[in-house]
Amino acid sequence: MGRAFREGVSHKNKLTLRTKRRSWKPLADLQGLSGRTKITGDDMGPLVEVPAMVRIENEKWVFERISQETLTHLTHRLIVHETDGPRTLGATLDLETAMQVAQGMARTEGSVVLIEPLR
């Protein structure tokens, strides 16, 4: 057994294989994926900005994640028009809550809030 390892494999028993040259075409390979992505994006409609939910507890910033279930139940977006352009305040689960927030903003800050339906 030791001699077999020392002498190696004889040349007539060795296999010779040609390496296959691989042609990689990234655009052709991803064409189906990019096409499906575009179709799915078109079906979903325009993008809706959802700001991150941030609160402060014990002098530390706490970032909250919004569950997908909550996002699907949002019905109205609240938009304030400023000098820099429109700014989204957030979204609500029903029209009553949206009206309460808009009225509160009008009373306290004197700003007009646009209530836009999401569906």
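The structure under discussion appears in the preceding block.
These remarks concern the structure in this document.

Rules and cut-offs
- Residues numbered from 1 in each chain as written.
- Predicted model: local features only at pLDDT ≥ 70, side-chain atom pairs only at ≥ 80, totals over all residues.
- Heavy atoms only, no water.
- Pairing = 2+ DSSP bridges.
- Helix = DSSP H or I, 4+ residues; strand = E, 2+ residues; numbered from the N terminus.
- Axes fitted to C-alpha atoms, helices over the stretch in contact; angles between N-to-C directions.
- Core = buried A, V, L, I, M, F, W, Y, C linked by side-chain atoms within 4.5 Å.
- Buried < 20%, exposed > 50% of the residue type's maximum accessible area, 1.4 Å probe, protein only.
- Contact = heavy atoms within 4.5 Å.
- Expected span 1.5 Å × (residues − 1).
- Arc of directions from axis to C-beta.

1. As for the sheet that holds strand 5 (residues 113-117)
- The three strands are arranged 4-3-5 in an open sheet whose pairing can be described as antiparallel. Each end of this open sheet is capped by a strand with a single partner; those strands are strand 4 (85-92) and strand 5. The sheet shows a mean angle of 30° between the axes of neighbouring strands, taken without regard to direction.
- Pairing between strand 3 (residues 76-82) and strand 5: five bridges, direction antiparallel. Across the sheet, Ile79 pairs through a bridge with Leu114, a residue of strand 5.

2. Focus: the nonpolar core
- In this structure, Leu78, Val80, Ala98, Ala102, Met105 and Val113 together form the largest nonpolar core, which totals six residues.
- Put simply, the parts of the chain that give this core at least two residues each are strand 3 and helix 5 (95-108).
- The greatest single-element share of this core, amounting to three residues, is contributed by helix 5.
- Setting aside residues no more than four positions away along its own chain, Ala98 makes contact with His76, Leu78, Thr92 and Ile115.

3. Structural notes on helix 5
- Given a rise of 1.5 Å per residue, 14 residues ought to cover 20 Å, and the 20 Å separating the end C-alpha atoms of helix 5 matches this to within 8%.
- All buried positions along helix 5 are accounted for by Ala98, Ala102 and Met105. Buried residues along helix 5 cover an arc of 65° about the axis, so they all sit on one side. Those residues of helix 5 that are exposed and angled more than 90 degrees off the buried face are Glu96, Gln100, Arg107 and Thr108.
- Where helix 5 is buried, its residues touch strand 3, strand 4 and strand 5.
- Directly after helix 5, the chain includes Gly110, whose backbone phi takes a positive value near 70°.

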